[in-house]
Amino acid sequence: MEHDACALAAISDGGKKVVAVNGEKVLLLRKGEDVWAVDARCPHMKLPLSTGKWDGKSIKCRFHGACYSVADGSRTKAPWLLASAGSDTLPTYSVTIRDGRILVGVADGEVARAS
Ligand code: FES
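Residues numbered from 1 in each chain as written. Predicted model: local features only at pLDDT ≥ 70, side-chain atom pairs only at ≥ 80, totals over all residues.

1. A look at the sheet that holds strand β10 (residues 101-105)
Reasoning step 1: Spatially, β1-β10-β9-β4-β3-β2 is the arrangement adopted by the six strands of the open sheet, whose pairing is antiparallel. Strands with a single pairing partner mark the edges of an open sheet, and in this sheet they are β1 (2-7) and β2 (16-21). Between one strand axis and the next, the sheet turns through 30° on average, direction left out of account.
Reasoning step 2: The pairing of β1 with β10 spans five bridges and is classified as antiparallel. Within β10, the residue paired with D4 across the bridge is L103. (Pairing = 2+ DSSP bridges. Helix = DSSP H or I, 4+ residues; strand = E, 2+ residues; numbered from the N terminus. Axes fitted to C-alpha atoms, helices over the stretch in contact; angles between N-to-C directions.)

In structure tokens, the structure reads:
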């Protein structure tokens, strides 16, 4: 089910924004006219990803340095400490841009189950 997250214009090119989608926090990342939606919490220790470095392809968690592809949520850089904690994959969600609005595909309870 698609949920209206916010206006495309609310995120600058190269920017990111945390929104509430279906009662859960989702991190939106924009590059040009493309937008990705991922869980706002790092899979390692559930700390916020919103303060991480966004390079247009991946997000780097500022706490322990893990990097995740926003295309499929795969971990592209794995500090040794991550081997024993957390998940390898960042949950991602479908995005549709319609009439200047960002719609995020999150089923009821999907974010909660992914954590
Ligand atoms: S909480 Fe993100 S890498 Fe540890």
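2. Re the pairing of strand β3 (residues 24-31)
Reasoning step 1: As defined by bridge partners, β2 adjoins β3 across six bridges and the pair is classed as antiparallel. Paired with K16 across the two strands is L29, which belongs to β3.
Reasoning step 2: In this structure, the hairpin formed by β2 and β3 is closed by a connection of two residues, where N22 is found at a positive phi of approximately 55°.
Reasoning step 3: For β3 and strand β4 (residues 34-39), the ladder comprises six bridges, and the chain directions are antiparallel. Its bridge partner being in β4, L29 is matched across the sheet by W36.
Reasoning step 4: Between β3 and β4, which pair antiparallel in sequence order, lie two residues; one of them, G32, sits at a positive phi of approximately 60°.

3. With respect to the environment of A37
Reasoning step 1: Among the secondary structure elements, A37 is positioned in strand β4.
Reasoning step 2: Residues A37 and V19 lie 18 residues apart in sequence; the distance between their C-alpha atoms is 9.8 Å.
Reasoning step 3: Those residues within four positions of A37 in sequence are excluded, and the remaining contacts are V26, L28, T92, Y93, V95 and V104. (Contact = placed C-beta atoms within 7 Å.)

4. Side note on the environment of A107
Reasoning step 1: In this fold, A107 is placed in the loop between β10 and α1 (110-114).
Reasoning step 2: Separated by 106 residues in sequence, A107 and M1 place their C-alpha atoms 5.3 Å apart.

In short, shape yes, function no, at least from these values alone.
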